[in-house]
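Spelled out from the first residue to the last, the chains are:
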Amino acid sequence: MKKTAINLLFLIILTIFGFQCTLFERTETEISFWENPVQLDLDEIKERGYIRAVVDNSSTSYYIYRGRRMGYEFEMLKTLASSLDVRLHLIVKSDIEEAFYLLNTGKADIIAMNLAVSEDRKKFASFTSPIGSMGTVLVQKNGPLKVSDPKDLNDKVIHIQKDAIFKSQLCSLQNDLGIKLSVLEEKGNSDFFVSKVNSGEIEYTVVDKVAAMVNASYYNDIDIELEISPKTEVAWAVRKNAPLLQSEINQWITNKTKSGYIRTLYAKYFQNSRNNHYRSNSSFSSLGGNKISQYDDLIKKGAENLGWDWRMLASLVYKESGFDTTATSYAGATGLLQLMPVTLERFGVTNPNDPVQSLMGGVNYLKYLDKFWKERVPESNERIKFILSSYNIGHGHVLDAWNLALKYGGNTQSWENVSHYLTLKSDPKYYRDPVVKSGYAKGHLAVSYVEDVLTLYDSYRVLIQP
């Protein structure tokens, strides 16, 4: 059955029977599981070294713009993770029900999606202190037939995000006004539904007012004036059995509210319509296009030469130079891939500011490192971590760590194991060991470097098509 036929069937059912106002439709067994989440609180999160947050790829949450990770939720989460002294891992989802599932199964620690707090949702999570407030508006096309009174929504079809608070708000509106609404839920975020209204694919949707205002800054033909629900406080969700994490986040919110940080960040993303328009419609944005940089084609050729996913090489280029061909480090490294003078000469780069020469010189160096590590680390996904660390700190230091792992009975084909010894290369006990040939090194910086590149690659991989 085609999707249109399925939607029509749903419409007929909703028209006859109305729609149910429960949050999640689940079996008793599934609800019991959700109401008894895995045991995982702040101490365990700090011990493993990273916190996982669910965000949405949208203009109000998280996206890639010119290679850089941006977004209101993203910047707040990054600052929070820094205050907790852990790294930030993001999980991109638009399905709210799935987000709660990930939270309670321990695969995520925070749902950072500006959730309105409701009694239904409190069954499945605890909520932080409010991080703001959110009103709800109807989005429709401008014109003489636009709805200006909620009563005129009687018998109208409204498309909304699945499991969002908009469903219960529309239920309240229906009951209060004595009207009949047909509501179709499907997966997708606010940007998705507003774009469908703008294209004429659907007549109405309901989204939070902030998202509507951002979208209205670049869709000139939509109307967002009709209020469905007044402002309510919104918050992030954590597991019900994670009181230490909840308390820590609440203290962070209090501090950042008092300092004006949250207000300033809000202004950055939501009160400059011109910047919103550029970021959302640029071909170099994961919201409006599928490009990372102006050098994507060149990077793709280099990645093909390496046998890498081009987005991995793009992550390395961004980490090294931010796609600036004229970038020069304090140590004298230059070009897109920040090659040192001795490396430039070795791989035949005569003009490091030329993007082709710089990129291909770096690719040839990466191929050399790949060959160096191939016998020692045959598995390609592990080997790439050794290559990245070698690119950053030199393969001599990484080989020292490999030899230390070998000496102490570690798994020399595991980056997790070898990186442990790389971090120990600032300790005299280890950098003076007879198996160490390159001496002292701030190995922890190289380990962080690898993590940074891989984290950025994960974002590119999720948000940018191959």
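Calculation notes
Residues numbered from 1 in each chain as written. Predicted model: local features only at pLDDT ≥ 70, side-chain atom pairs only at ≥ 80, totals over all residues. Heavy atoms only, no water. Helix = DSSP H or I, 4+ residues; strand = E, 2+ residues; numbered from the N terminus. Buried < 20%, exposed > 50% of the residue type's maximum accessible area, 1.4 Å probe, protein only. Contact = heavy atoms within 4.5 Å. Areas by Shrake-Rupley, 256 points an atom, 1.4 Å probe, with all protein chains shown as cover. Lys, Arg positive; Asp, Glu negative; His and termini not counted. Charge placed at Lys NZ, Arg CZ, Asp CG, Glu CD. Polar contact = N/O pair within 3.5 Å; in protein donor to acceptor, adjacent residues only side chain to side chain. Core = buried A, V, L, I, M, F, W, Y, C linked by side-chain atoms within 4.5 Å. Salt bridge = Lys/Arg side-chain N within 4 Å of Asp/Glu carboxyl O. Axes fitted to C-alpha atoms, helices over the stretch in contact; angles between N-to-C directions. Left-handed = near helix turned anticlockwise from the far one by under 90°. Nonpolar A, V, L, I, M, F, W, Y, C, P; charged D, E, K, R; others polar.

1. Looking at the overall build of the protein chain
Thinking step 1. Across its full length, the protein chain holds 21 helices and 12 strands.
Thinking step 2. For the C-alpha atoms alone, the extent of the protein chain along its principal axes is close to 80 × 50 × 45 Å.
Thinking step 3. Here the protein chain holds 466 residues, and the buried ones make up 52% of them.
Thinking step 4. Counted over contacts in the protein chain with a minimum sequence separation of 6, partners at least 24 positions apart contribute 70%.
Thinking step 5. Approximately 21,900 Å² of the protein chain is accessible, and the part contributed by carbon and sulfur atoms is 49%.
Thinking step 6. If you average the places of the 54 positive and of the 54 negative side-chain charges in the protein chain, the two averages end up 5 Å apart.

2. Some points on the side chain of Ser389
Thinking step 1. Looking at the element boundaries, Ser389 is found in helix α17 (residues 380–393).
Thinking step 2. With sequence-adjacent residues up to four places away left out, Ser389 is seen in contact with Gly394, Val398, Trp415, Ala446 and Val450.

3. Describing the environment of Lys268
Thinking step 1. Looking at the secondary structure, you find Lys268 in helix α11 (residues 261–270).
Thinking step 2. With sequence-adjacent residues up to four places away left out, Lys268 is seen in contact with Arg68, Glu75 and Arg279.
Thinking step 3. There is a polar contact of 2.5 Å between the side chain of Lys268 and the side chain of Glu75.

4. Considerations on the nonpolar core
Thinking step 1. Within the largest apolar cluster, 140 residues are counted, with the highest numbers of intra-cluster contacts made by Ile110, Leu153, Trp236, Trp308, Leu313 and Leu316.
Thinking step 2. Counting residues per element, this core draws most heavily on helix α21 (residues 443–463), at 10 residues.
Thinking step 3. Excluding anything up to four places from it in sequence, Leu316 contacts Trp308, Leu337, Leu366, Leu388, Tyr391, Tyr449 and Val453.

5. So, unusual backbone geometry
Thinking step 1. The residue Asp85 is not glycine, and still its phi comes out positive at about 60°.
Thinking step 2. Inspection of the secondary structure assignment puts Asp85 in the loop between α4 (72–84) and β4 (87–92).
Thinking step 3. Positioned with a positive phi, Phe323 is a non-glycine residue whose angle comes to about 65°.
Thinking step 4. As for its placement among the helices and strands, Phe323 is situated in the loop between α14 (310–321) and α15 (341–346).

6. With respect to the environment of Phe100
Thinking step 1. One can find Phe100 in helix α5 (residues 96–104).
Thinking step 2. The exposure class of Phe100 is buried, given its relative accessible area of 0%.
Thinking step 3. Sequence-wise, Phe100 and Ile111 are 11 residues apart; in three dimensions their C-alpha atoms are separated by 7.5 Å.

7. Some words on the pattern of salt bridges
Thinking step 1. Following the criterion strictly, the structure yields 24 salt bridges and no others.
Thinking step 2. The salt bridge involving Asp109 is made with Arg48; its shortest N-O contact spans 2.2 Å. Taken as a pair, Asp109 in the loop between α5 and β5 (110–116) and Arg48 in helix α3 (residues 42–48) lie far apart in primary sequence, 61 residues in all.
Thinking step 3. Judged by its relative accessible area of 0%, Asp109 falls in the buried class.
Thinking step 4. In this structure, Lys385 engages Glu382 in a salt bridge whose closest nitrogen and oxygen atoms are separated by 2.9 Å. Residue Lys385 and its partner Glu382 are located together in helix α17, separated by three residues, close to a single helical turn.
Thinking step 5. Here the salt bridges do not stand alone but share partners, grouping Arg48, Arg52, Asp109 and Arg239 into one network.

8. A short note on the packing of helix α13 (residues 296–306) against α14
The geometry of a pair of packed helices is captured by two quantities: the angle between their axes and the separation between those axes.
Thinking step 1. Put simply, α13 and α14 touch, their axes get as near as 8 Å, and they point 115° apart. The two elements α13 and α14 meet at a crossing, and its hand is right-handed. Where α13 abuts α14, its residues Asp296, Ile299, Lys300, Gly302, Ala303 and Leu306 lie against Trp310, Leu313, Ala314 and Val317.
Thinking step 2. Taken together, the residues that form the contact of α13 with α14 break down as seven nonpolar, one polar and two charged.

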